[in-house]
2 protein chains.
Amino acid sequence: MGIIVQKFGGTSVADPQKIHNVANAVIKEKENGNDVVVVVSAMGHTTDHLIKLAKEVTNTPDSREMDMLLSTGEQVSIALLAMAIQAHGHKAVSMNGQQVGIVTECIHSKARIVDIKTEKLQKKLQEGNIIVVAGFQGVTPDGEITTLGRGGSDTSAVAIAAALKADRCDIYTDVEGVYATDPRIVPNIQKTDVISYEEMLELASLGANVLHPRSVETAKQFNVPLRVRSSFKLDNLGTLIIGVENMEIYKPVAGVAADSSQVRILLSNLPDIPGTAAKLFGALAKNNISVDMIIQSLANNGTNSIAFTVSEDDLEDAIATLEAEKEITQSAQISTDKDIAKVSIVGAGMVDRPGIAADMFRSLADKGINIKMISTSEIKISCLVDKDKANDSIKALCKEFGLETTEMAVVKGDLPNV
Amino acid sequence: MGIIVQKFGGTSVADPQKIHNVANAVIKEKENGNDVVVVVSAMGHTTDHLIKLAKEVTNTPDSREMDMLLSTGEQVSIALLAMAIQAHGHKAVSMNGQQVGIVTECIHSKARIVDIKTEKLQKKLQEGNIIVVAGFQGVTPDGEITTLGRGGSDTSAVAIAAALKADRCDIYTDVEGVYATDPRIVPNIQKTDVISYEEMLELASLGANVLHPRSVETAKQFNVPLRVRSSFKLDNLGTLIIGVENMEIYKPVAGVAADSSQVRILLSNLPDIPGTAAKLFGALAKNNISVDMIIQSLANNGTNSIAFTVSEDDLEDAIATLEAEKEITQSAQISTDKDIAKVSIVGAGMVDRPGIAADMFRSLADKGINIKMISTSEIKISCLVDKDKANDSIKALCKEFGLETTEMAVVKGDLPNV
């Protein structure tokens with residue numbers, strides 16, 4: 001007998017029939033002998049509909065009023081889910097962010113949770129209730145309604161699990177779990193049974209958007225075991241995400257991901273003066289432009305060249321920022337390359353096993369794939385390749401590191417976008 | 001410079017364009033130099049839509065969860081109206097029932113307001129805000145969300161006006177004010193400029209459903225001047241509803257109404273024993289059956305007959321209740337008459353002017369209308385007539401008591417249902 005926190009997204013509660021399906025999943029966990037808190041998002045397209053309404057009223061809606069507006073979406077779904085659970089003969093009670101006491105900073109539209117009150121939750125659980133909590137929302141100490149921004153409902157669920165010291169937080173999604181790479185590219189990819197927070201964070205930030213990094217960060221911080229599982233196949237255990245220290249065995253490479261949304265900027269003919277790089281990247285940081293991979297090299301003629309990647313969205317700003325640093329860049333050439341993809345392998349097991357990087361480079365070379373840049377971290381190695389070689393790279397790396405199943409995987413539901 | 005509370009119903013905020021119209025009406029009052037609190041209902045058919053959703057989930061939705069669900073409707077409209085007011089360049093802030101502190105009993109779906117906190121309202125007004133408050137909803141001391149039931153938003157507005165000691169509470173509706181009778185029956189009926197709470201209560205309970213009696217009761221209790229006015233004709237002052245002690249001149253008859261929803265029950269051949277009536281009406285009261293007009297008469301043979309009216313909805317229960325009182329009714333005959341209408345004249349001026357009743361009876365007799373029963377109160381005289389004579393009765397009485405205009409009234413918008 002423990003406490004399980006469950007989270008269901010908007011598509012899982014999109015209509016009354018689906019709400020009954022969720023009620024069944026919730027009740028199943030309750031009948032396993034657990035106390036259950038279930039966090040839900042707004043139904044289907046409710047949030048989009050509300051945003052559209054606001055835009056029809058004004059092009060520049062106030063963020064406080066947007067939060068008042070959007071927070072109604074989850075309140076509708078929690079009330080309906082509580083009704084559905086009751087209709088199946090179980091005690092249930094819905095609670096919005098204010099009623100639970102999900103206390104946040106007063107930053108509208110992207111507030112961070114600072115505290116979760118557990119008194120009311122504990123009391124309602126002790127009374128035998130299944131508690132249905134509105135995700136994505138909170139309240140400031142002053143009583144202002146806030147929303148948590150992207151990935152908000154996942155974060156609500158994980159934070160509540162942390163506050164209640166829950167045994168597990170189950171995130172129900174359209175997919176059956178976490179895959180080592182996008183199954184649309186490698187159809188016989190293995191579903192991952194266990195993965196560490198750190199690996200998941202690297203994969204999430206690379207674009208495997210099953211879980212928002214923020215919720216994984218929170219789970220890691222409070223050591224909440226997370227399970228990503230399918231709302232359509234309740235018997236499927238999905239993927240468990242835990243601390244690497246709790247993992248008994250793990251593969252050197254847990255996942256392979258590609259990111260085609262970056263652009264390479266090449267600055268050549270830079271003066272070879274100490275502090276050049278610091279000045280340029282300082283200016284970029286000041287303008288909130290995240291730089292990913294960086295390579296600096298000294299040319300024969302005593303000039304420097306620096307290549308780095310930024311998000312496509314930041315390209316214009318980045319160029320403007322660089323050009324504004326005239327004393328450095330006026331005599332340099334700035335060129336850009338959009339035809340790139342970053343292919344990464346992620347694995348907590350890399351630390352102990354030298355040679356993984358070499359295996360990666362060789363397997364790409366065997367396929368005739370040219371590596372333009374390389375960057376590495378503790379648990380990740382990334383290579384920049386031509387954009388049209390991204391899928392071939394993923395296939396080669398999955399094969400190299402044994403991430404394929406022997407049978408073709410049967411993949412159901414929507415796949416994560418990579 | 002005073003405080004004005006305004007209330008707009010669901011049809012007034014049914015879409016973004018209408019919300020902007022309401023914003024204009026609100027701003028107009030603000031620019032007159034007043035502090036403004038505006039109470040709104042849910043947009044158009046939102047509440048119906050939410051009820052439908054709940055019914056799709058379960059046939060017997062829990063009333064607590066229904067309140068969670070329905071209270072979102074007003075929260076959507078207050079956020080959008082606040083945005084619209086801001087778009088017109090004024091400071092505005094929306095507040096739901098919980099944020100204001102509209103404290104109610106914990107009776108879901110029909111809670112009564114027990115207290116309204118004014119600190120936050122006063123503070124936001126002092127900061128120069130127009131405050132947009134969610135009508136129809138409140139919160140228990142325990143943080144449970146409640147709704148106020150029928151006429152709830154009007155009651156919210158009046159109660160807030162009372163708590164803030166506002167100068168006036170303006171209820172904006174589809175009609176231009178209160179009419180002395182249904183303009184569909186008497187097209188050249190006068191709009192009433194001033195009417196007393198007491199008269200309005202009698203008219204409201206008779207079916208002139210511009211205002212719910214509950215909101216008029218609250219206004220009377222706290223002596224809040226109420227104005228019923230049109231949301232489409234902002235220059236039209238509508239009808240002012242105040243205490244009779246504040247009225248300088250008033251007509252003997254302020255309004256004429258008809259109610260065709262009652263049924264007459266006739267008990268004849270009752271034993272003439274003291275306590276018979278007390279027993280019968282006691283039994284009806286015990287079963288929550290409201291009895292309206294009552295006549296008792298002694299027949300020549302020493303038996304009693306009692307006639308009274310009840311609502312059509314209560315007829316079956318009433319008959320069952322009467323038959324259960326066997327020792328009284330076993331030898332009596334029970335007959336019913338559905339073919340009746342109650343026609344009433346209402347006027348605070350009746351008290352001082354004898355002869356009004358006689359004028360009423362004569363004017364009905366002149367038209368060949370037979371009176372089946374009569375009941376009177378301080379400010380009301382009601383006659384039971386054949387149902388098909390109801391409209392003729394109203395016409396005759398409006399003419400008799402000078403309630404018609406010399407010109408045909410031009411009536412716009414939806415008319416109150418009688």
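Before reading on, note that the structure itself is shown above.
Here is what the cut-offs are and how they apply
Residues numbered from 1 in each chain as written. Chains lettered and ligands numbered in written order. Predicted model: local features only at pLDDT ≥ 70, side-chain atom pairs only at ≥ 80, totals over all residues. Heavy atoms only, no water. Buried < 20%, exposed > 50% of the residue type's maximum accessible area, 1.4 Å probe, protein only. Helix = DSSP H or I, 4+ residues; strand = E, 2+ residues; numbered from the N terminus. Arc of directions from axis to C-beta. Contact = heavy atoms within 4.5 Å. Least-squares fit on C-alpha atoms with pLDDT ≥ 70 in both. Pairing = 2+ DSSP bridges. Axes fitted to C-alpha atoms, helices over the stretch in contact; angles between N-to-C directions. Buried area = accessible area lost by both parts, 1.4 Å probe. Salt bridge = Lys/Arg side-chain N within 4 Å of Asp/Glu carboxyl O. Polar contact = N/O pair within 3.5 Å; in protein donor to acceptor, adjacent residues only side chain to side chain.

Even after reading the chapter, I still don't get helix 12 (residues 356–366) of chain A, so can you show me in this structure?
Side chains of residues three or four places apart in an α-helix project in the same direction, reflecting 3.6 residues per turn. Residue and element names in this part refer to chain A. Of the positions making up helix 12, those classed as buried are Ile 356, Met 360, Ser 363 and Leu 364. Along the long axis of helix 12, the arc covered by the buried residues comes to 100°, so they all point the same way. Each element contacted by the buried residues of helix 12 is listed here: strand 20 (340–346), strand 22 (380–386) and helix 13 (390–400). At the C-terminal side of helix 12, Gly 368 shows a positive phi close to 75°.

Before we go on, may I ask you to explain the relation of the copies chain A and chain B in this structure?
The relation between the two copies of this chain is a rotation about an axis and a shift parallel to it. Note on the copies: chain A fits chain B at an RMSD of 0.2 Å, the axial shift is 0.1 Å, and the rotation between them is 180°. Here the two chains are linked by the operation of a two-fold rotation axis. For chain A, the smallest separation between a C-alpha atom and the rotation axis is recorded for Thr 72 of chain A, amounting to 2.6 Å. A shared interface surface links the copies, since 100% of the contact residues of chain A are contact residues in chain B too.

When you look at the sheet that holds strand 19 (residues 333–337) of chain A in this model, what are you seeing that I'm missing?
What holds strands together in a sheet is hydrogen bonding between their backbones, with the strands either parallel or antiparallel. All names here are of chain A. Reading across from one edge, 17-18-16-19 is the order of the four strands in this open sheet, with antiparallel pairing throughout. Among the strands making up the open sheet, the edge pair consists of strand 17 (291–298) and strand 19. Adjacent strand axes in the sheet meet at a mean angle of 15° when their direction is disregarded. The pairing of strand 16 (residues 262–270) with strand 18 (residues 304–311) spans seven bridges and is classified as antiparallel. Among the inter-strand pairings, Leu 267 is bridged to a residue of strand 18, identified as Ile 306. Across the sheet, helix 10 (residues 315–324) is in contact with strand 16, strand 18 and strand 19; its angle to strand 16 comes to roughly 15°.

In this structure, what is going on with the sheet that holds strand 12 (residues 194–196) of chain B? I would like to understand it.
Residues and elements named next belong to chain B. On the basis of which strands lie adjacent, the open sheet formed by eight strands has the order 3-6-2-1-9-13-14-12 and mixed pairing. Sheet topology places strand 3 (92–95) and strand 12 at the edges, where each strand pairs with a single neighbour. Direction aside, the axes of adjacent strands within the sheet are offset by 20° on average. With three bridges joining them, strand 12 and strand 14 (residues 239–242) adopt parallel strand pairing.

Can you help me understand the interface of chain A and chain B in this one?
Accessible area lost upon the coming together of the parts serves often as the stated size of an interface. Listed per partner, the contact involves 41 residues of chain A and 41 residues of chain B. Buried area between chain A and chain B, summed over both chains or domains, comes out near 3100 Å², and the portion from carbon and sulfur atoms is 62%. On the chain A side of the interface with chain B, the three residues burying the most area are Val 57, Glu 65 and Met 83 of chain A, jointly 20% of the side's total. Here chain A is connected to chain B by zero salt bridges. At the surface where chain A touches chain B, the tally comes to 14 residue pairs in polar contact (both at pLDDT 80 or more). Per-element tally for the side of chain A that touches chain B: the top contributor is helix 3 (residues 63–87) of chain A, with 17 residues.

Can you walk me through the pattern of salt bridges in this structure?
Pairing between side chains of opposite charge can happen when their charged atoms approach one another. All names here are of chain A. Taken as a whole and judged by the stated rule, the model has 46 salt bridges over all chains. For Lys 28, the salt bridge goes to Asp 235, with nearest N and O atoms at 3.3 Å. Here Asp 235 lies in the loop between strand 13 (226–230) and strand 14 (239–242) and Lys 28 lies in helix 1 (residues 16–31), a separation of 207 residues in the sequence. A relative accessible area of 35% places Lys 28 in the partly exposed class. The partner of Lys 123 in a salt bridge is Glu 127, and the shortest N-O contact between them spans 3.2 Å.

By themselves, these are just geometric observations and shouldn't be taken as functional.
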